[in-house]
Amino acid sequence: MKFGDLRGILQYVPQFRGRTFVIALDGAVVAGENFSNILLNLAVLRSLNVKIVLIYGAAYQIASLADKRGVELSNPDATGPTDAATLELALDAITRLGSDVTRDLTALKIRTVTANALSAHPAGIVRGVDQGHTGKMVRVDHEMLRGFLEQELLPLVPPLGYDGSGHSLRMNSDQVSVSVGVALKADKIIFVTEEEPDFGLDLQSARQISADQGDVLLKKAENDQVSPGLHSKLKQAIRACREGVSRVHLVNGNRDDALLAELFSNEGIGTMVFADDYRQIRPATPSDVDEMLLMMRRAVEDEQLVERDKGEILERLQDYQVMEIDGNVVGVGAMHPYPEENAAELACIYVKGDHEGQGYGRELIENLEERAKSLGVSSLFMLSTQTAEYFTAKFSYLECSDLGQMPERRRKKWEQNGRNARFLVKRV
Ligand SMILES: CC(C)(COP(=O)(O)OP(=O)(O)OC[C@H]1O[C@@H](n2cnc3c(N)ncnc32)[C@H](O)[C@@H]1OP(=O)(O)O)[C@@H](O)C(=O)NCCC(=O)NCCS
């Protein structure tokens, strides 16, 4: 993103003001060359009044220290057993890392506090293996964290838990980040990772995935070459969505302005995993109709869509579906059944200009086609003035010159309105 594009950034400022973001840094990102840039991004977010809680993983630092001291780790990232030697290393590496991050944030005039916010107990024996000093989360002290945020302090949460009986426990930072985000009812959790969040999807599909799509991907990732780090983050992101945090981002911390570029643009640069009610296609309701008409006015003026009045839409409202993102309607489409002809028409398909090109049109069309198929129709058709190519190239519709194949009452309308729209048909 070009930072000359202030207008683009400014539209997000009111949305983010006063929001709570949990930012989870991989230890490798903190050790990387781009970290000073990430810190500046954090400072920008804070200056916009975003409340930030920072969690840092230390797998990279623990592995480096193990190398240096010639210690063999019992587990690299607290997803398995932690023996006494590994705990010792983890305590040293995490403490040192926390101190470095505090130093760097202080240099940016950000006041921090290291928060002892995780109550845990020993994970015990899992699948027959004693987990030693690995902890299992019991509770996040969210009141404490809120208190710090209200004092405009930035809480740093190390991946360590305590059980009140004298045990220090090593925690997995991905799990900690989600537990903290859920407990705080955070608006976003952002994993800043050491690698591209590459799940083998094409670029457009990879930008935003629903928790349900994430489940499918997770299964696939188990067989594919997805790194354990990404696998763990995707798994935790899905958990966060199911437990109330509607958006979780994965961004490559080696990218320039990784956080800002992800957050201040429609497309982003990483992957956003969203809760299923964050983006959905749902039946239109009477209260959507004014918004639908307003949204489509431009396309009607450009003769892409036929003009419809409120009464007409309300009369066949059950045919309309809307695409909603974060409570805002950004697209619409209709499927009008013609039961006598065993056919259905797709109509009034529209995606708001600033949301085009992200696959929403496809999602709407596929949804309408599925609805038509569930009625058992044998043919789908559409009338298009300016998007015939879209439907023929992307959805296998064929242009048909025989208007006799159109349901008669629809043909009469076609003849009356003089739009001369192309007749496109698809057999199902
Ligand atoms: C047509 C429309 C619904 C597509 O929505 P969208 O969310 O941008 O579509 P998608 O993201 O699924 O698909 C984008 C692809 O379609 C192509 N496309 C979009 N409009 C097109 C058109 N009029 N003709 C040919 N291709 C088109 C894009 O170039 C892009 O191609 P790519 O994937 O190869 O890069 C949207 O542009 C729109 O609302 N247009 C105005 C209203 C209209 O004409 N509706 C159809 C009549 S019912």
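All values derive from a computational prediction rather than experimental measurement.

Helix and strand counts for the protein stand at 17 helices and 21 strands. Referenced to the eigenvectors of the C-alpha coordinate spread, the extents of the protein come out at roughly 80 × 50 × 35 Å. Across the 428 residues of the protein, 38% fall into the buried class. For the protein, the share of sequence-separated contacts (at least 6 apart) that also reach a separation of at least 24 residues comes to 72%.

On to helix H13 (residues 289-301). Taking 1.5 Å as the rise per residue, H13 with 13 residues should run 18 Å; its terminal C-alpha atoms sit 18 Å apart, in good agreement. At Met295, H13 shows its strongest bend, of approximately 35°. Turning to H13, its buried residues are Val289, Met292 and Met296. Its buried side turned inward, H13 meets helix H14 (310-315), strand S16 (320-325), strand S17 (328-338) and strand S18 (343-351). After H13 finishes, the residue Glu303 shows a positive phi value of roughly 60°.

A few words now on the pairing of S16. Side-chain direction in a regular strand flips from residue to residue, so the side chains alternate between the two faces of the sheet. Inspection of the sheet shows strand S15 (residues 279-283) paired to S16 by 5 bridges, in the antiparallel sense. Within S16, the position partnered with Gln280 by the bridge is Glu324. In terms of strand pairing, S16 meets S17 through 6 bridges, oriented antiparallel. By the bridge assignment, Ile325 is partnered in S17 with Asn328.

On to the site of the ligand, then. Looking at the ligand, there are 20 residues lining it, with Gln304, Val351, Glu356, Gly361 and Arg362 nearest. Broken down by secondary-structure element, the contributors of at least two residues to the shell around the ligand are S18, helix H15 (360-374) and helix H16 (388-395). Taken together, the residues of the shell around the ligand sort by class into 8 nonpolar, 8 polar and 4 charged.

With that out of the way, let us pick up the packing of helix H8 (residues 173-184) against helix H11 (residues 228-242). Where H8 meets H11, the axes come as close as 9 Å, and the angle between the chain directions of the two elements is 15°. One way to sum up the angle between H8 and H11 is to call them roughly parallel. Regarding H8 and H11, the two cross each other, and that crossing is right-handed. In this structure, H8 contributes Asp174, Gln175, Ser177, Val178, Gly181 and Val182 to the contact, and H11 contributes Ser232, Lys233, Gln236, Arg239 and Ala240. Classifying every residue of the contact of H8 with H11 gives 3 nonpolar, 5 polar and 3 charged.

Below, the discussion takes up the domain arrangement of the protein. Under the domain assignment used here, the protein contains domain 1 (6-277) and domain 2 (280-427). Once you take the C-alpha centre of each, domain 1 and domain 2 turn out to be 43 Å apart. In this complex, domain 1 contributes 6 residues to the contact, which on the side of domain 2 involves 4 residues.

This paragraph deals with the environment of Gly98. Position of Gly98 among the secondary structure elements: in helix H6 (residues 84-107). Its 21 C-beta neighbours within 10 Å are what place Gly98 among the buried residues. Between the C-alpha atoms of Gly98 and Gln151, which are 53 residues apart in sequence, the distance is 20 Å. Not counting residues up to four positions away in its chain, the partners in contact with Gly98 are Thr114, Leu156 and Pro158.

On to the sheet that holds strand S14 (residues 271-274). Across the sheet, which stays open at both edges, the 8 strands sit in the order S3-S8-S2-S1-S11-S13-S14-S12 with mixed pairing between neighbours. Where the open sheet ends on each side, the last strands, each with one partner, are strand S3 (112-114) and strand S12 (208-210). If you compare each strand with its neighbour and ignore which way they point, the axes differ by 20° on average. As judged from the 4 bridges shared by strand S13 (residues 247-252) and S14, these two strands associate in the antiparallel manner. Across the sheet, residue Leu250 finds its bridge partner in S14, namely Thr271. Relative to strand S1 (residues 20-25), H8 is tilted by about 175°, and along the sheet it contacts S1, strand S2 (51-56), strand S8 (154-157) and strand S11 (188-193). Where helix H10 (residues 211-223) meets the sheet, it contacts S12 and S14, and its direction lies at approximately 90° from that of S12.

Rules behind the numbers
- Residues numbered from 1 in each chain as written.
- Predicted model: local features only at pLDDT ≥ 70, side-chain atom pairs only at ≥ 80, totals over all residues.
- Helix = DSSP H or I, 4+ residues; strand = E, 2+ residues; numbered from the N terminus.
- Buried ≥ 20, exposed ≤ 12 C-beta atoms within 10 Å, placed from the backbone.
- Contact = placed C-beta atoms within 7 Å.
- Expected span 1.5 Å × (residues − 1).
- Bend = angle between axes of the 7 residues up to and from the residue.
- Pairing = 2+ DSSP bridges.
- Near = placed C-beta within 6 Å.
- Nonpolar A, V, L, I, M, F, W, Y, C, P; charged D, E, K, R; others polar.
- Axes fitted to C-alpha atoms, helices over the stretch in contact; angles between N-to-C directions.
- Parallel < 35°, antiparallel > 145°, perpendicular 65-115°, else oblique.
- Left-handed = near helix turned anticlockwise from the far one by under 90°.
- Domains from an automatic or database assignment.

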